[in-house]
Amino acid sequence: MNTPLPRSLAPAPGELLPGYLLRLSHRIGIPPGDLAHRCGLLQGNRIPTQHLVRLDADRAQQIATICRLETAEVHGLTLAGQAPGYAPLGAVYLGQRQSPLDMANSGWVFTTFSRYCPDCLADTAHLPGGPIWHGSWRLPHTFICPDHDRHLAWRCPVCEAPAFSNGYRTDGRWRPSQLIPGPRIRLHPRRCRYRPAGGWDTPCAAELDRTSATGTAPSAAAVHAQQRLASAGAAGPGTTIASLGKPASPEQFFNDVRTTVLGICSTWPAAAEVFPDFEQLDLIAAHAQSVRQAPAERLGPQADGWLARSIDHPPADALQCAALMTLVIQILDSPGGHPAVVQLLSGLPAARAGRLRSLTPRCSPSMTAAIAEATRLPLVACGPPALFPQPPTHRGRLDPRTISDPLPDTWTAPLDGLHGPVRHLRRDAAIRLVQMARGGPRASAGRYLGISPGPLHATTLKVRTWQKVPGNAEAYQEALRQVAEIAVSEGRRGS
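As the structure is a prediction and not an experimental result, all values here were calculated from the model.

About the thresholds
- Residues numbered from 1 in each chain as written.
- Predicted model: local features only at pLDDT ≥ 70, side-chain atom pairs only at ≥ 80, totals over all residues.
- Heavy atoms only, no water.
- Helix = DSSP H or I, 4+ residues; strand = E, 2+ residues; numbered from the N terminus.
- Phe/Tyr/Trp six-rings, centres within 6.5 Å; stacked < 30°, edge-to-face > 60°.
- Buried < 20%, exposed > 50% of the residue type's maximum accessible area, 1.4 Å probe, protein only.
- pLDDT = per-residue confidence, 0-100.
- Contact = heavy atoms within 4.5 Å.
- Core = buried A, V, L, I, M, F, W, Y, C linked by side-chain atoms within 4.5 Å.
- Axes fitted to C-alpha atoms, helices over the stretch in contact; angles between N-to-C directions.
- Parallel < 35°, antiparallel > 145°, perpendicular 65-115°, else oblique.
- Salt bridge = Lys/Arg side-chain N within 4 Å of Asp/Glu carboxyl O.

A word on unusual backbone geometry. Residues W268 and P269 are joined by a peptide bond in cis, for which omega reads 15°. In this structure, P406 follows D405 across a cis peptide bond, with omega equal to 10°. Position of P406 relative to the elements: it lies in the loop between helix 16 (365-376) and helix 17 (413-416). Phi at L244 takes a positive value of approximately 55°, unusual for a residue other than glycine. For L244, the location among the structural elements is in the loop between strand 5 (241-243) and strand 6 (246-248).

Take a look at the structure:
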């Protein structure tokens, strides 16, 4: 019997079903799992994530009766109700019916956790039952809070597990995603629900609304990209959106976005050569490298927190997502976007052709024309070719322990006369000096110096592009030889 609760809550604008149930359960003093059971959401001992997307009429009516709501209010608590123009939320997408598992694995429907704005949680902490968890935070392409002009957070500041998730098993694999993590746990909605070990262990319980703002404010270009994506997701039927200079439907626009992401990530670092002045190439490089790892590595505790296995999904980290989506929107908004897309897609590996074929019929006319032009071109090589090999010419003469990043100023005079990208040349020279002293590949030298993969990749791309100018590669090699001799000389004086 569907007996209404003795008291309830009115949904807040933009609130998603999991957050609403957490607030209501906290207010009436019962575990979220018990409330979900009364609402008909519990299946066995789990609350499936499919209820994030949409609710059938009977279940929506049951929730409305139990929680004393109108059915329209209940449907407004789903992603489909909040983002009607977001095509990947459709029951049929790219010509195929998709299950909730398909949606989770695509990486374009919802995250397996929730990003969040600590300031928003703090601002709404006074509401009955606790703060508001916004539905937009769950969409993969949402990375900025417009109210507080900050990038969204995604990890707990204490346990560093992705917030609002079931976290990891003891073996490092993800626990199955649920509508509400730890539904038997009684915690305030602002607290982290991650359980460090087993399912019944004490949760982290850190206060997520106490996180201080970190990093720089979003750039104007990132804010513009977020606005473009958000307005397209909220657009209704019949709306037109510009893409590659021509009108497109919201569905076509998002398929153009996805196609562009596919082109960038599958052919990286080709995009860095097309847009060498883009300021956040290192963030995109770090994401492109992570999605090329083996699935077991990508799903571990140090990975980006996705169950998704597709190479064209947005990054979990909001900073990386902002960088990637800013570049995507820059391409789709640019008058020169068409040739850029053609150049990227012409280097698409054969393994990605199936994904491109599924997207092509549902892209905008402009993107479809770019794809047709790209597929007529011969396949171009993608990936970084060797910068000329750096042999261990100074093994036994140069002590690698004296090499640091950044290099001492007394070593870098030969580099300063090259009129190249100074910061990247100095870092690249440090990497090469380690190779001269120890041998081994470039990545190993980078690790020896403590350079993370993103900055290492960004330096490689910048120096590689600069070296293509006639004469630069030879001049750089001579400068490196001079730097190495300075390092050897100073090392002898210091010994």
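Once that is clear, we can look at the packing of aromatic side chains. If you walk through the whole model with that rule in mind, you get seven aromatic pairs. Aromatic side chains Y116 and W133 sit 5.9 Å apart centroid to centroid with 50° between the ring planes, which places their arrangement in the tilted category. Pair noted here: Y116 is in the loop between helix 6 (100-106) and helix 7 (118-123) and W133 is in the loop between helix 7 and strand 3 (144-145), with a separation of 17 residues, a long-range link. For the pair shown, Y116 and W133 are each scored as buried. Ring centres of W133 and W137 lie 5.9 Å apart, and the angle between their planes is 80°; this geometry places the pair in the edge-to-face category. For the pair W133 and W137, one class covers both residues: buried. Ring pairs connect the aromatic residues Y116, W133, W137 and F164, which therefore count as one cluster.

Attention now moves to the confidence of the model for the protein chain. On average, the protein chain scores 84 in pLDDT, and the residues at 70 or more come to 88%. Below a pLDDT of 50 lies the segment residues 297-307, which in the model reaches 45 contacts outside its immediate sequence neighbourhood of four places, other chains included. Note that pLDDT drops below 50 for residues 381-386; the model gives that stretch 10 contacts with residues more than four away or on any other chain.

Turning next to the environment of S136. One can find S136 in the loop between helix 7 and strand 3. Separated by 26 residues in sequence, S136 and F110 place their C-alpha atoms 9.6 Å apart. The contacts of S136, once residues within four sequence positions are left out, are Q82 and T142.

Right, let's get into the nonpolar core. For soluble globular proteins, nonpolar side chains are generally found buried alongside one another. The biggest cluster of nonpolar side chains holds 108 residues, and the ones touching the most others in it are L41, F143, F253, V257, I264 and W268. Other than its neighbours up to four places away in sequence, F143 contacts R150, H151, L152, A222, A225, Q226, L229, A318, C321, A322 and M325. Ranked by size, the runner-up nonpolar core spans 27 residues in total, among them L425, A445, Y476 and L480.

A separate point is the packing of helix 9 (residues 250-267) against helix 16. Two quantities define a packed helix pair, namely the angle between the helix axes and the distance between the axes. Contact geometry for helix 9 and helix 16: axes closest at 9 Å, N-to-C directions at 30°. Judged by the inter-axis angle, helix 9 sits roughly parallel to helix 16. Contacts between helix 9 and helix 16 pair Q252, D256, T259 and T260 from the former with P365, M367 and I371 from the latter.

All right, on to the pattern of salt bridges then. When the charged atoms of two side chains lie near each other, side chains of opposite charge can form a pair. On inspection of all chains with the given rule, the structure shows 19 salt bridges. Measuring nitrogen to oxygen at the nearest pair gives 3.1 Å for the salt bridge that ties R59 to D56. Linking R432 and D428 is a salt bridge whose minimum nitrogen-to-oxygen distance equals 2.5 Å. Remark: D428 and R432 occur in helix 18 (residues 422-438); sequence separation between them is four residues, near one turn of the helix. Residue classification places D428 among the buried positions, given a relative accessible area of 0%. Connected via shared salt-bridge partners are R190, R191, E207 and D209.

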